[in-house]
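Report on the structure
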Amino acid sequence: MSNIVDPLVGQIAARVRTERERRRWTLAQLADASGVSQAMISRIERGESSPTAVVLGKLSAAFQLSVASLLALAEGAQEEEGTQGSTDGVAGVRRRGDAPEWRDPGTGYRRRQITGPHFPAEIAEIRLPAGARVPYPAAAFAFVRQVVWVLDGHLTFHDGDTVHELDAGDTIELGEPAERVFANTTDAECRYAVVLTRGAQP
């Protein structure tokens, strides 16, 4: 059975290809920069494979974008396609059903963008299943300021060599880029929010 069940797969495919072509990189160059195989990148760009959160982390690091930014750009493209003729696209009510939810085929991690593509901060809601573990390279956190806010459950957060055990209501403001891991070591789902603003442009 195809693992392409997410409506954002096509938008992610187009965004990865656009970011690569904007830098005038070949597939081989992106593979070297990201550590993701050419074959996998090619399948992603053709919309034949839904990338996992780990693969997206490696690609976004190569582009010097956060995973949130890469997905928000894809989601924004989808929103703009659905609101042709609108001139503002900024303020107003955004219904839960209007925000597409991206699901990681590898871990079941789910992500929903809270803010629209024109809002100056990016806010996303994440649902991390029991037992899931999602690592990201340090470069995925370059050029951004980020806060993680645990809403429900328990999150084990690895910030470089430091491990933080975070419960509902706890927050952590991230500093300089480091390798990070979001892990749920419990038997219940963990729900958290990521609030991100962009710093210096790459």
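Read on for a plain summary of the structure. Since we're looking at a predicted model, the values are computed, not measured.

One pass over the full model with this rule turns up six aromatic pairs. A ring pair is formed by Tyr 136 and Phe 182, whose centres lie 6.0 Å apart and whose planes are at 75°; its orientation type is edge-to-face. Of the two residues, Tyr 136 is situated in strand β4 (residues 133-136) and Phe 182 in strand β9 (residues 180-183); the sequence distance between them amounts to 46 residues. Overall, Tyr 136 belongs to the buried group, its relative accessible area being 8%. With a relative accessible area of 3%, Phe 182 lands in the buried category. Put simply, the rings of Tyr 136, Phe 141, Phe 157, Phe 182 and Tyr 192 pair up and form one aromatic cluster. Cation over ring: Arg 23 sits above Trp 25, and NZ or CZ is 5.9 Å from the ring centre. The positively charged end of Arg 180 is found above the aromatic ring belonging to Phe 141, 4.6 Å away from the centroid.

Across the interface, helix α1 (residues 9-22) lies against helix α4 (residues 53-63) with an axial gap of 10 Å and an inter-helix angle of 30°. Looking at the two axes, α1 sits roughly parallel to α4. Both α1 and α4 take part in a crossing whose hand is left-handed. Note on element contacts: α4 touches α1 through Leu 56, Leu 59 and Phe 63, opposite Ile 12, Val 16, Glu 19 and Arg 20. Residue composition of the contact of α1 with α4, by class: five nonpolar, no polar and two charged.

Right, let's talk about α1 for a bit. The terminal C-alpha atoms of α1 lie 20 Å apart, and with 14 residues this matches the ideal 20 Å at 1.5 Å per residue to within 8%. The complete set of buried residues in α1 reads Val 9, Gln 11, Ile 12, Ala 13, Arg 15, Val 16, Glu 19 and Arg 20. Just past α1, the residue Arg 24 takes up positive phi, approximately 60°.

Right, let's get into unusual backbone geometry. The backbone of Arg 24 shows a phi angle near 60°, a positive value even though the residue is not glycine. When you line up the elements, Arg 24 lands in the loop between α1 and α2 (27-34). A positive phi is found at Gln 64, a non-glycine position, where the angle reads about 55°. Relative to the elements of secondary structure, Gln 64 occurs in the loop between α4 and α5 (67-82).

Parameters at a glance
- Residues numbered from 1 in each chain as written.
- Predicted model: local features only at pLDDT ≥ 70, side-chain atom pairs only at ≥ 80, totals over all residues.
- Heavy atoms only, no water.
- Phe/Tyr/Trp six-rings, centres within 6.5 Å; stacked < 30°, edge-to-face > 60°.
- Helix = DSSP H or I, 4+ residues; strand = E, 2+ residues; numbered from the N terminus.
- Buried < 20%, exposed > 50% of the residue type's maximum accessible area, 1.4 Å probe, protein only.
- Lys NZ or Arg CZ within 6 Å of the ring centre and 35° of its normal.
- Axes fitted to C-alpha atoms, helices over the stretch in contact; angles between N-to-C directions.
- Parallel < 35°, antiparallel > 145°, perpendicular 65-115°, else oblique.
- Left-handed = near helix turned anticlockwise from the far one by under 90°.
- Contact = heavy atoms within 4.5 Å.
- Nonpolar A, V, L, I, M, F, W, Y, C, P; charged D, E, K, R; others polar.
- Expected span 1.5 Å × (residues − 1).

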